[in-house]
Amino acid sequence: MSGERHSLGGGPRTSKASRGPSAEGDRRSLRGSDYALALSTVQDGDVQPMPGFVLPHDESRASLLVTVRATASALAHTEPSAVVAQAYEIGVRSLPFLCLVLAFVGGIIVYQAGIQAMRIVPDTSGIGPGYIELLVRDLAANLTGLMLATRVGASIAAELGSMKVTDQLDAMRLCQTDPVAHLVAPRFLACVLVTPILTIIAGACALASGTAVGAIAFEIRPQNFLDPRFVTIGALVSGFLKSVAFGLAIPLVSAHAGLYTRVGSQGVGDATTSAVVGSSVAVIVLGFFIGAILHIALGGA
Amino acid sequence: MVRFSAALLAQLGQALVALVGAVGTQAMVLAAAASATLRGQCDGEELRAALLRLGLGSIPVIVSTAVFVGGLMVVQSAPLLTRFGAESYLGWGAGFGILREVGPVLTGLMISGRVGSNNTAELGTLTVTEQVDGLRALAIDPAGYLIAPRVWAIILTTVIGTVVSMLVALVGAAAVGLFLLHVHPLTFYNGLTSGMLTWRDALHGLAKAFAFGVVIASSSTAFGLSASGGPPGVGRAVGAGVVSTAVLIFAMDALVSLTARAP
């Protein structure tokens, strides 16, 4: 039994003993329905699955929940070196893009806020503290999340989708390696680890550009601008929770889109589109709910 | 040290050449679309099909994003408003963000994600399967048949989509304000129309939407038409296209914000 346990989908089938190994059966034994059968047998508890070999190939069972569960159970089999490589790919190589965007947005927001403040009361002392509070609580995490959804979501879906349409995922399954443990889990772990750090760095860029715009356009002295008196513990918690939630959601949504890419020349493009849209929507929706829940939980403070 | 700086210089030069190349390709796309339209060669059937596919198809994403954008604006301003008891300013604050800044940018990003990458994927597929060359072999000008209809459809979708999303986001903000901060919708409406926001703010947002539409159209078309290397190449083109569109959207946002005269 233990010898058959590690064979691809064939283990549970031969254990039923009623079907002999015909040529047709051998060919079919590599297909998803048998894998689903293997999974169902596993759930009955008599056969163990291959380590980390948990994602059904059966496309009709595709749901984000299945991908999430597969990723969660594959985390234990993740190689640390793969996580480091992905952290470099996701973290370091997104950094110029993130810093550029956040610096732009920070400058624009301070400029717009300054114009509005001048319209009502010609007092610019509140701009800096208000901007820093907004940055810590919402802006840094939300914008970093959106930009990572675009950059990282597209690249994860394109990579996994290309492997899917060129049958490399099936080749991995044939070599008894789990695509989820080897491809998805490292990206997931790296993204979770890297997103809060990226948020802090990108937020610092936005802060620097905002300070510069304040000093140049409205003659606010940097020492007056950089005044964190509005930043509360709640704001810090909110920003941190958001960045962690985005770091969890983006790789899962994008990897799901990539793993279930339709075969065909338009499949990878469609998968990339749905990864970008799905993870952007996830960031906006999660940002709203975390903000609203914290607002209610902290009693409006 | 010398070798290091030489390598750095080479990298910088390559990045610069790539940047100039990208800008040039996008300018060529826009020029091709404009000249095909002026010559009356913009295919009406294709334009209608592209508008239906790209425009109508992205309305669910635009509307659902807009509701949450409205809510986000209220949640963001909630601590400030409750601290100063300035609930009557909620309509102004949310309306300001939705009309001038966050509304157009987030709608632009979502349209870039949905419409732009869809466009890149379609054109990339046509390119890597050599169907664009097939069109040329049939003496059909890709500029009039493929490029111009898509460019116009994307620009129209972005502008109309931004108007829709502004309206939906304002309704969403009023609703979240009512349930979360107990600000009556009438108070919200009064704050919105108290005179601190004018039609110029909405126009400012629309100017941004137009600029974003042009950027999304040119960049997604250019990346699609320069895809190479089979289905994986299409995926790479979509990824690269979305990222550079996002950068261009923020650059345009800064450009429009800073060139618009302070009222």
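Analysis parameters
- Residues numbered from 1 in each chain as written.
- Chains lettered and ligands numbered in written order.
- Predicted model: local features only at pLDDT ≥ 70, side-chain atom pairs only at ≥ 80, totals over all residues.
- Helix = DSSP H or I, 4+ residues; strand = E, 2+ residues; numbered from the N terminus.
- Buried ≥ 20, exposed ≤ 12 C-beta atoms within 10 Å, placed from the backbone.
- Contact = placed C-beta atoms within 7 Å.
- Axes fitted to C-alpha atoms, helices over the stretch in contact; angles between N-to-C directions.
- Parallel < 35°, antiparallel > 145°, perpendicular 65-115°, else oblique.
- Left-handed = near helix turned anticlockwise from the far one by under 90°.
- Nonpolar A, V, L, I, M, F, W, Y, C, P; charged D, E, K, R; others polar.
- Bend = angle between axes of the 7 residues up to and from the residue.
- Core = buried A, V, L, I, M, F, W, Y, C linked by C-beta atoms within 7 Å.
- pLDDT = per-residue confidence, 0-100.
- Expected span 1.5 Å × (residues − 1).

### Looking at the overall build of chain B
Step number 1: The helix and strand inventory of chain B stands at nine helices and zero strands.
Step number 2: Going from the N terminus to the C terminus, chain B shows its helices and strands as α-α-α-α-α-α-α-α-α.
Step number 3: Along the first, second and third principal axes, the C-alpha atoms of chain B reach 65 × 60 × 35 Å.
Step number 4: Expressed as a percentage of the 263 residues in chain B, the buried residues total 53%.
Step number 5: For chain B, restricting intrachain contacts to residue pairs at least 6 apart in sequence, the fraction spanning at least 24 positions comes to 89%.

### Considering the overall build of chain A
Step number 1: Summing up its helical and strand segments, chain A has 13 helices and zero strands in all.
Step number 2: For chain A, the sequential pattern of α-helices and β-strands runs α-α-α-α-α-α-α-α-α-α-α-α-α.
Step number 3: Every one of the 301 residues in chain A was classed for burial, and the buried ones make up 50%.
Step number 4: For chain A, the share of sequence-separated contacts (at least 6 apart) that also reach a separation of at least 24 residues comes to 80%.

### Examining the packing of helix H8 (residues 127–165) of chain A against helix H10 (residues 179–217) of chain A
Packed helices, taken two at a time, are described by the angle their axes make and the gap between the axes.
All names here are of chain A.
Step number 1: Remark: H8 packs on H10, axes separated minimally by 7 Å, with the N-to-C direction vectors making an angle of 140°. When the axis of H8 is compared with that of H10, the two are oblique. H8 and H10 meet at a crossing whose hand is right-handed.
Step number 2: Of the residues assigned to the contact of H8 with H10, the class counts are 17 nonpolar, seven polar and one charged.

### Some words on helix H4 (residues 90–128) of chain B
Step number 1: The sharpest bend along H4(B) reaches about 60° and sits at Ile98(B).
Step number 2: Positive backbone phi, approximately 60°, marks Glu130(B), located one or two places after H4(B).

### A short note on the nonpolar core
Step number 1: Of all hydrophobic cores here, the largest spans 159 residues; its most connected members are Ala206(A), Val69(B) and Ile98(B).
Step number 2: Counting residues per element, this core draws most heavily on H8(A), at 22 residues.
Step number 3: Setting aside its immediate chain neighbours within four residues, Val69(B) contacts Ile284(A), Ile98(B), Val102(B), Gly103(B), Leu106(B) and Ala169(B).

### Remarks on the interface of chain A and chain B
Step number 1: Contacts between the two partners involve 48 residues from chain A, matched on the other side by 48 residues from chain B.
Step number 2: Listing elements by their share of the side of chain A that touches chain B, those giving two or more residues are helix H7 (95–120), H8 and helix H13 (267–297) of chain A.
Step number 3: The biggest single contributor to the side of chain A that touches chain B is H13(A), with 17 residues.
Step number 4: Residues of the side of chain A that touches chain B, tallied by class, amount to 24 nonpolar, 20 polar and four charged.

### Some words on the confidence of the model for chain A
Residue and element names in this part refer to chain A.
Step number 1: This prediction gives chain A a mean pLDDT of 78; 77% of its residues lie at or above 70.
Step number 2: Considering only residues more than four positions removed or in separate chains, one finds that residues 1–31, a stretch of pLDDT under 50, has 34 contacts.
Step number 3: Every residue in residues 44–52 scores below 50 in pLDDT, and together they form 21 contacts with partners more than four places removed in sequence or on other chains.

### Concerning helix H6 (residues 142–181) of chain B
Working note: α-helix, 3.6 residues per turn, so residues spaced by three or four point in the same direction.
Residue and element names in this part refer to chain B.
Step number 1: With 40 residues, H6 ought to run about 58 Å at 1.5 Å a step, and its terminal C-alpha atoms sit 54 Å apart, in line with that.
Step number 2: Within H6, the axis deviates most sharply at Ala-148, by approximately 30°, and proline Pro-149 lies no more than four positions further along.
Step number 3: A positive phi of about 55° marks His-182, the residue just after H6.

### Considerations on the packing of H4(B) against helix H7 (residues 185–192) of chain B
Residues and elements named next belong to chain B.
Step number 1: It is at 6 Å that the axes of H4 and H7 come closest, and there the two elements cross at 60°. Judged by the inter-axis angle, H4 sits oblique to H7. Considering only the axes of H4 and H7, their crossing is right-handed. Seen from H4, the contacting residues are Leu-90, Gly-91, Trp-92 and Gly-95; seen from H7, they are Phe-188, Tyr-189, Asn-190, Gly-191 and Leu-192.
Step number 2: The residue inventory of the contact of H4 with H7, partitioned by class, reads five nonpolar, four polar and no charged.

### What about the confidence of the model for chain B?
Residues and elements named next belong to chain B.
Step number 1: The pLDDT averaged across chain B works out to 85; a share of 96% of its residues lies at or above 70.
Step number 2: Ranking the elements of chain B by mean pLDDT puts helix H3 (residues 59–84) last, at 80, and helix H8 (residues 199–225) first, at 91.
Step number 3: Two numbers describe this predicted complex: its pTM, 0.78, and its ipTM, 0.77.

### Some points on the environment of Arg137(A)
All names here are of chain A.
Step number 1: Within the element layout of this structure, Arg-137 appears in helix H8.
Step number 2: Using a count of 25 C-beta atoms within 10 Å as the deciding quantity, one classes Arg-137 as buried.
Step number 3: Between the alpha carbons of Arg-137 and Lys-242 there is a distance of 8.8 Å; along the sequence they are 105 residues apart.
Step number 4: Residues in contact with Arg-137, not counting those within four places in the same chain, are Ala-235, Ser-238 and Gly-239.

### What about unusual backbone geometry?
Step number 1: For Glu219(A), which is not a glycine, the phi torsion comes out positive at approximately 55°.
Step number 2: Mapped onto the fold, Glu219(A) is located in the loop between H10 and helix H11 (222–225).
Step number 3: Judged by local crowding, Glu219(A) falls into the exposed class, with 8 C-beta atoms found within 10 Å.
Step number 4: One non-glycine residue with positive phi stands out, namely His182(B), at about 55°.

### Quick look at the environment of Phe210(B)
All names here are of chain B.
Step number 1: Structurally, Phe-210 is set in helix H8.
Step number 2: Residue classification places Phe-210 among the partly exposed residues on the basis of 17 C-beta atoms within 10 Å.
Step number 3: As a C-alpha pair, Phe-210 and Tyr-89 span 121 residues in sequence and 29 Å in three-dimensional space.

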